[in-house]
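Structural characterization, general
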Amino acid sequence: MRNPIDLLSPVWTHLTHVQPVRGEGVYLYDADGVRYMDFTSGIGVTNTGHAHPRVVQAIQEQAGALIFGQMNIVITPAALRLAQKLDEVTPPSIEQFFFSNSGAEAVEASVKLARMATKRRNLIVMQGSFHGRTHQAMAMTTSKSIYRYDYQPLPGGVFVTPFPYSYYYGWSEEETTHFCLRQLDQLLHSQSAPDETAAIVIEPVLGEGGYVPAPNAFLRELRSLCDRHGILLIIDEVQSGFGRTGKFFAYEHAGVEPDILVMAKGLGSGMPISAIGARAELMARWKPGTHGGTYGGGNAVAAAAAAATIDVIREEGLVENAAQQGARLLKGLREIQAEHPVIGDVRGRGLMVGVEFTAPDGRPAAETATRVQAECLRRNLLLLTCGAYGNVIRWIPPLVVAADQIDDALAIFNEAMASVGK
Ligand code: PLP
């Protein structure tokens, strides 16, 4: 008999062949009862932990009552409840919501809204960005060449400006911010004039690109530049949202607000659902019927899961826990860094933390990062890497993680570091 894994398309890479049958909080269990610490959260999805009882209950109740109500035909109370919940956690300037199923779909929606609302065509994205795998989102993704390889040419009108990744440049945060703003200004004078630029799109913490928080000053300058030129600021919180960084949304650290907010992943605790939010005045410029889809907003089970997710995050103090445990994680990682010069940088906000490996000659030490990741895996700790060179280990545990679980993971990481040498 064929191994069922051979029935899966090889286009999927697999960190492991672990086959979990049950999840609880930060843990996954396989059929033999082997327990894994999931510090990937399924790439930032299970912020409430695996199978949070309140999310499970919401799913079960909704599935027993109504699974689907197509948004162009009816409006489910579950979708309306979710819109109300999102309204409560977003700033007053975000007044209306549009639902879809994945992060990439939400990014596509944000671009279509921005283009139609401004009647401008061009987009500016950040070097190192990741916005998804559909064609438009791929054209906006610059975190690794493999995501575009053999698919180019991609849709045009996308311009790339440097992201203030100060460790990469080797400058202070202020110098890097200044440099990046000058480069952006030059781009607006040389490649995409302000009045043909619909939007600047940014992840407030660069995700796949290396887990790099944008300096607050950079985000504030982007905000005022957009305001000056009538350019929309699209903030992609697909990976950084829903409590991940110790604020409900990462842009809150900088005290700025997006024109269009893009959400997915942590929104549904694993149910496929995404959303964008914007001012009513902007949404009013999005001609009815010019965008949509069969499932967006119609899956009442996903909407119920998302509403329950927001309740859990708020009522169980997960944002505060992310800030607290994130500080504990950063401190622990910095102590390990002090013993291992190959760890060049430890950075992050809340529970979105990156550990960057650098060889003595200054080159990215991807092989070391991969070996450390494998050693953690041998000890049943699941961790992902990121960054253009794959030399950053990212820490993204569920936000329900407890202090002793952070300590357990740090102890495993420390052992893994010791086993690969300095
Ligand atoms: N935007 C960001 C910041 C992401 O991290 C991702 C996925 O990792 C996406 C968009 C795309 O989301 P999805 O994979 O659900 O299409």
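**Section: the domain arrangement of the chain**
Here the chain is described as being made up of domain 1 (4–50 + 317–420) and domain 2 (53–315). On a C-alpha basis, the centroid separation for the pair domain 1 and domain 2 is 25 Å. Taken residue by residue, the interface counts 35 residues in domain 1 and 37 residues in domain 2. Three residues stand out in domain 1 for area buried against domain 2, namely Val-319, Arg-349 and Met-352, and they jointly supply 28% of the buried area on that side. For the interface between domain 1 and domain 2, the tally reads one salt bridge. Between Arg-394 and Glu-208 there is a salt bridge, with its nearest N and O atoms 3.0 Å apart. Inspection of the region where domain 1 meets domain 2 yields 20 residue pairs in polar contact (both at pLDDT 80 or more). Among the elements of the structure, helix H1 (41–44), helix H11 (318–339), strand E13 (343–349), strand E14 (352–357) and strand E17 (392–395) are those that each provide at least two residues to the side of domain 1 that touches domain 2. Tallying contributions element by element places E13 first for the side of domain 1 that touches domain 2, with five residues. Counted by class, the side of domain 1 that touches domain 2 contains 18 nonpolar, 12 polar and five charged residues.

**Regarding the packing of H11 against helix H13 (residues 403–420)**
Closest axis-to-axis distance for the H11/H13 pair is 10 Å, and the angle between their directions is 20°. Considered as vectors, H11 and H13 are oriented roughly parallel to each other. Note on packing geometry: the crossing formed by H11 with H13 is right-handed. Listed contacts from H13 to Gln-325, Arg-328, Leu-329, Gly-332, Leu-333 and Ile-336 of H11 are Ala-403, Ile-406, Asp-407, Leu-410, Phe-413, Asn-414 and Met-417. For the contact of H11 with H13, a count of residues per class yields eight nonpolar, three polar and two charged.

**Observations regarding the packing of aromatic side chains**
In the structure shown here, the tally under the stated rule is 15 aromatic pairs. Considering the side-chain rings of Tyr-168 and Tyr-169, the 5.1 Å spacing of their centres and the 80° angle between planes classify their relative orientation as edge-to-face. We classify Tyr-168 as partly exposed; its relative accessible area is 49%. Summarising the aromatic geometry, the rings of Phe-242 and Phe-248 are spaced 5.4 Å apart at their centres and angled 70° between planes, so their arrangement reads as edge-to-face. The buried category is assigned to Phe-242, whose relative accessible area is 0%. One aromatic cluster is present, built from ring pairs that chain together Tyr-165, Tyr-168, Tyr-169, Trp-171 and Phe-179. The ring of Tyr-29 carries the charged tip of Arg-22 above its face, separated from the ring centre by 4.2 Å.

**Some thoughts on the side chain of Arg-223**
With respect to the element layout, Arg-223 can be found in helix H8 (residues 216–229). Residues in contact with Arg-223, not counting those within four places in the same chain, are Ile-231, Leu-233, Val-256, Glu-257, Pro-258 and Asp-259.

Parameters and conventions
- Residues numbered from 1 in each chain as written.
- Predicted model: local features only at pLDDT ≥ 70, side-chain atom pairs only at ≥ 80, totals over all residues.
- Heavy atoms only, no water.
- Domains from an automatic or database assignment.
- Contact = heavy atoms within 4.5 Å.
- Buried area = accessible area lost by both parts, 1.4 Å probe.
- Salt bridge = Lys/Arg side-chain N within 4 Å of Asp/Glu carboxyl O.
- Polar contact = N/O pair within 3.5 Å; in protein donor to acceptor, adjacent residues only side chain to side chain.
- Helix = DSSP H or I, 4+ residues; strand = E, 2+ residues; numbered from the N terminus.
- Nonpolar A, V, L, I, M, F, W, Y, C, P; charged D, E, K, R; others polar.
- Axes fitted to C-alpha atoms, helices over the stretch in contact; angles between N-to-C directions.
- Parallel < 35°, antiparallel > 145°, perpendicular 65-115°, else oblique.
- Left-handed = near helix turned anticlockwise from the far one by under 90°.
- Phe/Tyr/Trp six-rings, centres within 6.5 Å; stacked < 30°, edge-to-face > 60°.
- Buried < 20%, exposed > 50% of the residue type's maximum accessible area, 1.4 Å probe, protein only.
- Lys NZ or Arg CZ within 6 Å of the ring centre and 35° of its normal.

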